[in-house]
Amino acid sequence: MADVAREAGVSSMTVSRAYRPGSPINAETREAIIAAAERLGYVFDSTAAGLSSRRTGFVAVTIPSINNANFADTVRGLTDGLGDSRLQVLLGYTNYDLEQEERLVRQLLTRRPEAIVLTGGRHTDACRRLLVHAGIPVLETWDAPADPVGSVAGFSNAEAGAMLVRHLVETGRRRIGFLGGDATRDTRGLDRRRGYLAAMAAQGLGAHRLVEAGPPPVSMREGAEAMAALVRRWPDTDAVICVSDLAAFGAVTECQRLGIAVPEQIAICGFGAYELAEVSIPAITTVDPHCYDLGRIAASHILGLLSDPSAAPSITTLQPTLMIRASTSVA
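Let us look at the structure shown here. (Residues numbered from 1 in each chain as written. Predicted model: local features only at pLDDT ≥ 70, side-chain atom pairs only at ≥ 80, totals over all residues. Heavy atoms only, no water.)

Following the criterion strictly, the structure yields twelve salt bridges and no others. Between Arg 194 and Asp 191 there is a salt bridge, with its nearest N and O atoms 3.3 Å apart. You can see Arg 194 and its partner Asp 191 sitting in helix α9 (residues 187-202), three residues apart, about one turn around the helix. In this structure Asp 191 comes out as buried when scored by relative accessible area, which is 10%. For the salt bridge of Glu 254 with Arg 257, the shortest nitrogen-to-oxygen distance reads 2.9 Å. Note that Glu 254 and Arg 257 are positioned in helix α11 (residues 245-258) at a spacing of three residues, about one turn of the helix. Residue class for Glu 254 comes out buried when judged on its relative accessible area of 11%. Owing to a relative accessible area of 57%, Arg 257 belongs among the exposed residues under this scheme. Shared partners join several salt bridges into a network, and the residues in it are Arg 175, Arg 209, Asp 236 and Asp 238. (Salt bridge = Lys/Arg side-chain N within 4 Å of Asp/Glu carboxyl O. Helix = DSSP H or I, 4+ residues; strand = E, 2+ residues; numbered from the N terminus. Buried < 20%, exposed > 50% of the residue type's maximum accessible area, 1.4 Å probe, protein only.)

Quick look at the packing of aromatic side chains now. In the structure shown here, the tally under the stated rule is six aromatic pairs. Between Tyr 19 and Tyr 42 the ring centres are 5.9 Å apart and the planes differ by 70°, which places this aromatic pair in the edge-to-face class. Of the two residues, Tyr 19 is situated in the loop between α2 (12-18) and α3 (27-40) and Tyr 42 in the loop between α3 and α4 (46-53); the sequence distance between them amounts to 23 residues. Owing to a relative accessible area of 17%, Tyr 19 belongs among the buried residues under this scheme. Ring pairs connect the aromatic residues Phe 71, Trp 142, Phe 155 and Phe 271, which therefore count as one cluster. (Phe/Tyr/Trp six-rings, centres within 6.5 Å; stacked < 30°, edge-to-face > 60°.)

In this section: the environment of Gly 135. Within the element layout of this structure, Gly 135 appears in the loop between α7 (125-132) and β4 (138-141). Put simply, Gly 135 and Arg 112 are 23 residues apart on the chain and 9.8 Å apart in space, counted from C-alpha to C-alpha.

Take the environment of Asp 147 next. Take Asp 147: it is sitting in the loop between β4 and β5 (151-154). A C-alpha to C-alpha distance of 32 Å links Asp 147 and Ala 248, two positions 101 residues apart in sequence.

Okay, the sheet that holds strand β8 (residues 239-242) next. As a general point, the strands of a sheet are linked pairwise by backbone hydrogen bonds and lie either parallel or antiparallel. The strand order across the open sheet built from four strands is β7-β6-β8-β9, with neighbouring strands paired in parallel fashion. Looking at strand neighbours, the two that pair on one side only are β7 (210-212) and β9 (267-269), the edges of this open sheet. The average undirected angle you get between the axes of adjacent strands in this sheet is 15°. Helix-sheet contacts for α9 involve β6 (176-180), β7 and β8, and the interaxial angle to β6 is about 170°. Strands β6, β7, β8 and β9 of the sheet are contacted by helix α10 (residues 220-233), whose axis makes an angle of about 145° with β6. (Pairing = 2+ DSSP bridges. Axes fitted to C-alpha atoms, helices over the stretch in contact; angles between N-to-C directions. Contact = heavy atoms within 4.5 Å.)

Written as structure tokens, this is what we have:
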């Protein structure tokens, strides 16, 4: 900072002020300082600034998987929504493990984030206590928790599962199976299965055709293997709901290998509105949870709470959209 000050012909304090949003410094001086910093390759030390301002400039975010396009879209929406706020996103990876989430939240809070965003509404008791007493805005997304910690930008995974059952029943399907992940780890997938079970019961249909495809996130290969297991055990199955579009794509390709016509013999649908589902042959019926919008809404809630810490938490519940395609629609 002293080097930049000498280069720009100002004091070190003026350099510091030039990097602070809203500081009383004229545009010409600020531009001269930034130009000097560029020439010297100077990067402002936000950690040092945070010691005096008590602001760290980042929002902590936990996601279950780093290679899932849906979660990536939510993070993209969050980043875009934070926009010109100068807040940056610091990601943590939980691998669908609530104990790992607890450890991660504890570590993230030691770095004093200005807010924290969590994927999902279920946490260990210890993690919930950490969040309740964190003293910063807490936002849960990708879920519609009955007892939220703070703000919410989410949707009902159970309703997504039920929505698919109702669609399949409307097309005349009655013997409907469900391919899911490890129910002890994938809480959102478990909610989709619960929605399936509740909707099947409401229709007076049996809901015993359940196959656990493997640990989350369920891959295309695991979806194919689960589909093979399902038709071996229940060969009269006429429709299958998959926990994700990746699993559904695997199920479609397995049917092709087995000579089972989709959707004429078995209708298949997924979840997530992945690009893969759209380009599949046949294209896969799915549910769009509006991943990007979840991130934008989360950012809006965070910025609102940071600007007015006394404001009440905000709850936004989106309605997922059913996207009917050729995998469930017989021409």
